[in-house]
Amino acid sequence: MRLGYIIIYVSNVPNTVAFYETAFALTCRFIHESSLYAEMETGSTTLAFAGNEAAEMIGLKVLPNDPKAIAAGWEVCLIANNVAAAYEYAVAKGCNPVAPPTEKPWGQTVSYLRDLNGCLVEIASPIAPKD
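Let us look at the structure shown here.

The rules behind each value
Residues numbered from 1 in each chain as written. Predicted model: local features only at pLDDT ≥ 70, side-chain atom pairs only at ≥ 80, totals over all residues. Heavy atoms only, no water. Salt bridge = Lys/Arg side-chain N within 4 Å of Asp/Glu carboxyl O. Helix = DSSP H or I, 4+ residues; strand = E, 2+ residues; numbered from the N terminus. Buried < 20%, exposed > 50% of the residue type's maximum accessible area, 1.4 Å probe, protein only. Phe/Tyr/Trp six-rings, centres within 6.5 Å; stacked < 30°, edge-to-face > 60°. Polar contact = N/O pair within 3.5 Å; in protein donor to acceptor, adjacent residues only side chain to side chain. Contact = heavy atoms within 4.5 Å. Expected span 1.5 Å × (residues − 1). Arc of directions from axis to C-beta.

As a further point, take the pattern of salt bridges. Enumeration according to the criterion identifies two salt bridges in this entry. When the shortest N-O distance is used, the salt bridge between E39 and R29 registers 3.0 Å. Of this pair, E39 sits in strand 3 (residues 37–41) while R29 sits in strand 2 (residues 27–31), and the two are 10 residues apart along the sequence. By relative accessible area, which is 6% here, E39 ends up buried.

This model, assessed by the stated rule, comprises five aromatic pairs. When the ring of F19 is compared with that of F24, the centres are 6.5 Å apart and the planes differ by 75°; the resulting orientation is edge-to-face. As far as the burial class goes, F19 and F24 line up, both buried. Between the aromatic rings of Y20 and F24, the centroid separation amounts to 5.0 Å while the plane-to-plane angle is 50°, which identifies the pairing as tilted. Placement of both Y20 and F24 in helix 1 (residues 13–24) is noted, with a separation of four residues, approximately one turn of the helix. You'll find Y20 and F24 in the same group, each marked buried.

To continue, consider the side chain of T46. For T46, the position within the fold is in strand 4 (residues 46–51). By relative accessible area, which is 7% here, T46 ends up buried. A polar atom in the side chain of T46 sits 3.1 Å from the side chain of R29. Filtering out sequence-adjacent residues up to four positions away, T46 remains in contact with G4, Y5, I6, R29, E39 and M40.

Turning to unusual backbone geometry, a few remarks are in order. Residues apart from glycine generally show negative phi values, whereas peptide bonds are mostly found in trans. Unusually for a residue other than glycine, A25 sits at a positive phi of about 55°. Examined against the element boundaries, A25 turns out to sit in the loop between helix 1 and strand 2. With phi around 65°, S35 is a residue other than glycine that occupies positive phi space. Looking at the element boundaries, S35 is found in the loop between strand 2 and strand 3.

With that settled, consider the environment of N81. Along the chain, N81 turns up in the loop between strand 5 (76–79) and helix 3 (83–92). Of the residues examined, N81 reaches a relative accessible area of 77% and is grouped as exposed. Along the sequence, N81 and I123 sit 42 residues apart, while their C-alpha atoms lie 9.6 Å from each other.

A few words on helix 1. When the terminal C-alpha atoms of helix 1 are compared, their 16 Å separation across 12 residues agrees well with the 16 Å that a helix rising 1.5 Å per residue should span. Of all the residues in helix 1, the buried ones are V13, T16, V17, F19, Y20, A23 and F24. Here the buried residues of helix 1 occupy an arc of 160° about the axis, which is enough to place them on one side. Positive phi shows up at A25, right after helix 1, with a value of about 55°.

Written out as structure tokens, the structure reads:
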């Protein structure tokens with residue numbers, strides 16, 4: 001088994017795609033003609049957004065993401081070579097800062113933001129493999 005997709009249910013798929021293109025310089029792979037599903041180019045695992053209505057259509061009940069509430073118990077982690085620059089760029093493009101870039105004891109730099117839906121996004125440096 002392998003991880004293929006991360007799907008985040010959001011209130012407005014096209015707005016979320018535009019936000020991720022602007023704040024994180026990701027590219028949209030496609031948006032379904034219904035505007036209820038989209039995929040971003042992110043490497044081997046696909047980051048996708050689905051409308052809250054899509055969850056209802058298939059019989060799922062989800063707690064909507066809310067920028068005014070406490071963040072849900074998950075995050076999306078995006079890898080960047082220059083975490084500080086990516087963090088500042090994302091904040092300038094509308095992300096809400098949560099924690100600025102900090103170097104961790106294991107040598108990785110991490111930062112946290114919230115997107116327009118209130119979803120937690122980590123921007124982190126690659127973890128160097130141990131010999």
